[in-house]
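Residues per chain, in single letters:
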Amino acid sequence: DCNGKSLLHAPSSLPSNITGLDLSFNSLVMPSHGTLLMRFHSLRSLNLSSNALLTLSPAIFSNLGALHLLDLSSCSIAFLHTDAFKGLGNLHTLLLRNNSLQELEVPFFLPLKALFHLDLQHNALVSVDALSLQLMEAVPQVRLEGNPWVCDCTAHPLQQWLQRRQALQVTCATPPGLQGREVAALDSQDLGCRMKQRFPRGLSTAQQITVTHSNATTLPARKGGRSWPYLVGFLVAAIGISILITLAAKCKLFHKNLASYRHRPLPETSSIGGGPMEDGTGWDRGSSDWGASERHPVPGAADLQAEDDDGFIEDNYIQPSE
């Protein structure tokens with residue numbers, strides 16, 4: 001127990017095989033390079049609280065592989081290097097409360113494979129990213145109370161994480177309308193955001209972010225949204241069927257027209273009198289004998305009129321076989 005001794009360094013007279021050391025409320029000078037307490041490889045508990053530490057250099061505790069508890073409370077720590085806790089694979093409890101941490105660097109969690117209790121109370125944390133929350137899922141006990149959490153749309157991952165862990169007493173500091181309310185009790189509407197929805201391809205990323213984080217409240221986007229391949233398939237099938245129907249109709253019409261024009265020319269005989277037709281003479285004779293025709297009708301005309309009212313020969317009337 002060496003607390004409150006105004007020490008700058010750990011006493012050299014201490015035996016190297018000690019397992020617990022309390023150096024709290026001193027004025028320890030932290031090395032900028034190398035490791036702290038190089039001789040004490042058997043330490044399992046180390047208390048460095050209230051030492052006004054400003055920074056922790058990379059791998060400063062790497063020689064303390066047996067350490068289970070590390071107390072760095074009230075040390076004015078504002079920044080944690082990503083390798084600050086390198087080598088502490090057996091650390092069980094890490095106390096960082098009453099410091100000035102504003103953000104959590106994700107990699108600093110990675111060496112702490114055995115961490116069970118993490119205390120981050122009363123720091124300056126306003127938000128925490130989703131990856132840090134994912135890494136903290138493996139830590140059974142995490143204390144986040146007393147931080148000035150900003151409860152906007154960026155706090156949505158934290159809100160869900162706290163709900164899953166049934167963590168209470170983590171309250172909002174801002175905005176004023178949510179000050180003092182528990183983060184876990186809020187929903188996406190309270191946080192002023194909505195669930196991300198699909199957007200047209202032409203919409204820019206900035207516009208997507210603007211729409212996603214707008215204050216308008218809508219229903220969460222339904223799962224799925226992959227109906228466009230079915231629409232394309234339906235359109236292709238419809239176009240294909242239309243083309244086939246058109247080709248079938250044109251083929252039928254082609255055969256009909258072909259059959260209509262497969263005939264032989266009419267013989268050059270009058271269809272009424274049965275005599276040869278003479279160019280130009282028929283009309284003259286008809287005009288000169290008009291009166292005689294009215295007095296003596298042409299035989300067989302009535303029968304022909306009864307047989308064909310319009311006086312025209314229909315298509316296919318004379319078959320090729322005849």
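All values reported here derive from a predicted model rather than from experimental measurement. (Residues numbered from 1 in each chain as written. Predicted model: local features only at pLDDT ≥ 70, side-chain atom pairs only at ≥ 80, totals over all residues. Heavy atoms only, no water.)

1. Focus: the UniProt feature "transmembrane region" (unreviewed entry) in the protein chain
- UniProt marks residues 228-249 with the feature "transmembrane region" (unreviewed entry), using the numbering shown here.
- Helix and strand shares over residues 228-249 are 100% and 0% respectively, and the end C-alpha atoms of the span are 32 Å apart. (UniProt positions renumbered as here; feature names shortened; annotations may be inferred. Helix = DSSP H or I, 4+ residues; strand = E, 2+ residues; numbered from the N terminus.)

2. Some words on a nonpolar patch on the surface
- A grouping of I239, I243, L244 and L247 is seen on the molecular surface, where their side chains present a nonpolar patch of about 420 Å² in accessible area.
- Its location among the elements puts L244 in helix α4 (residues 228-260). (Patch = residues over 30% accessible without salt bridge, like charges linked within 9 Å, V, L, I, M, F, W, Y side chains within 5 Å. Areas by Shrake-Rupley, 256 points an atom, 1.4 Å probe, with all protein chains shown as cover. Salt bridge = Lys/Arg side-chain N within 4 Å of Asp/Glu carboxyl O.)

3. Let's talk about the nonpolar core
- Counting 61 residues, the largest nonpolar core has L46, L56, F61, L70, L72, F85 and L94 as the members making the most contacts within it.
- Per element, the largest residue contribution to this core is three residues, and it comes from helix α2 (residues 156-165). (Core = buried A, V, L, I, M, F, W, Y, C linked by side-chain atoms within 4.5 Å. Buried < 20%, exposed > 50% of the residue type's maximum accessible area, 1.4 Å probe, protein only.)

4. Side note on the packing of aromatic side chains
- Overall, the coordinates contain three aromatic pairs when judged by the stated rule.
- For the ring pair F85 and F108, a centre distance of 5.7 Å and an interplane angle of 50° mean the geometry is tilted. Placement of the pair is F85 in the loop between β3 (69-71) and β4 (93-95) and F108 in the loop between β4 and β5 (117-119), with a sequence separation of 23 residues.
- Counting every residue linked through ring pairs, the aromatic cluster contains F61, F85, F108 and F109. (Phe/Tyr/Trp six-rings, centres within 6.5 Å; stacked < 30°, edge-to-face > 60°.)

5. A few points about α2
- Those residues of α2 that fall on the buried side of the exposure criterion are H156, L158, Q159, W161 and L162.
- If you follow the buried residues of α2, they end up packed against α1 (130-136), β6 (141-143) and β7 (149-150). (Contact = heavy atoms within 4.5 Å.)

6. With respect to the environment of S16
- As for its placement among the helices and strands, S16 is situated in the segment before β1 (20-22).
- On the basis of relative accessibility, which here comes to 37%, the residue S16 falls in the partly exposed class.
- Taking the C-alpha atoms as reference points, S16 and M38, 22 residues apart in sequence, are found 9.2 Å from one another.
- Filtering out sequence-adjacent residues up to four positions away, S16 remains in contact with R39, F40 and H41.

7. Description of the side chain of D71
- The residue D71 is located in strand β3 in this model.
- The side chain of D71 is buried and forms no salt bridge, while R97, the nearest opposite charge, is found at 4.8 Å.
- A polar atom in the side chain of D71 sits 2.7 Å from the side chain of S73.
- Here D71 is in contact with L46, N47, L48, S49 and L95, once residues within four sequence places are set aside. (Lys, Arg positive; Asp, Glu negative; His and termini not counted. Polar contact = N/O pair within 3.5 Å; in protein donor to acceptor, adjacent residues only side chain to side chain.)

8. Some remarks on the pattern of salt bridges
- Counting across every chain of the model gives three salt bridges.
- Among the ionic pairs, D119 bridges to R97, the shortest N-O distance being 2.8 Å. Linking D119 in strand β5 with R97 in the loop between β4 and β5, this pair joins segments that are 22 residues apart in sequence.
- One salt bridge connects E145 with R143, and the closest N-O pair in it is separated by 3.2 Å.
- For E145, a relative accessible area of 12% puts it in the buried group.

9. Some points on the sheet that holds β5
- In spatial order, the strands read β1-β2-β3-β4-β5-β6; together these six strands make up an open sheet with parallel pairing. Looking along the sheet, the strands with just one partner apiece sit at the ends: β1 and β6. Across this sheet, the average inter-strand angle for adjacent strands is 0°, counted without regard to direction.
- Two elements, β1 and strand β2 (residues 45-47), share three bridges in a ladder whose sense is parallel. Looking at the pairing, G20 lines up with S45 of β2. (Pairing = 2+ DSSP bridges. Axes fitted to C-alpha atoms, helices over the stretch in contact; angles between N-to-C directions.)

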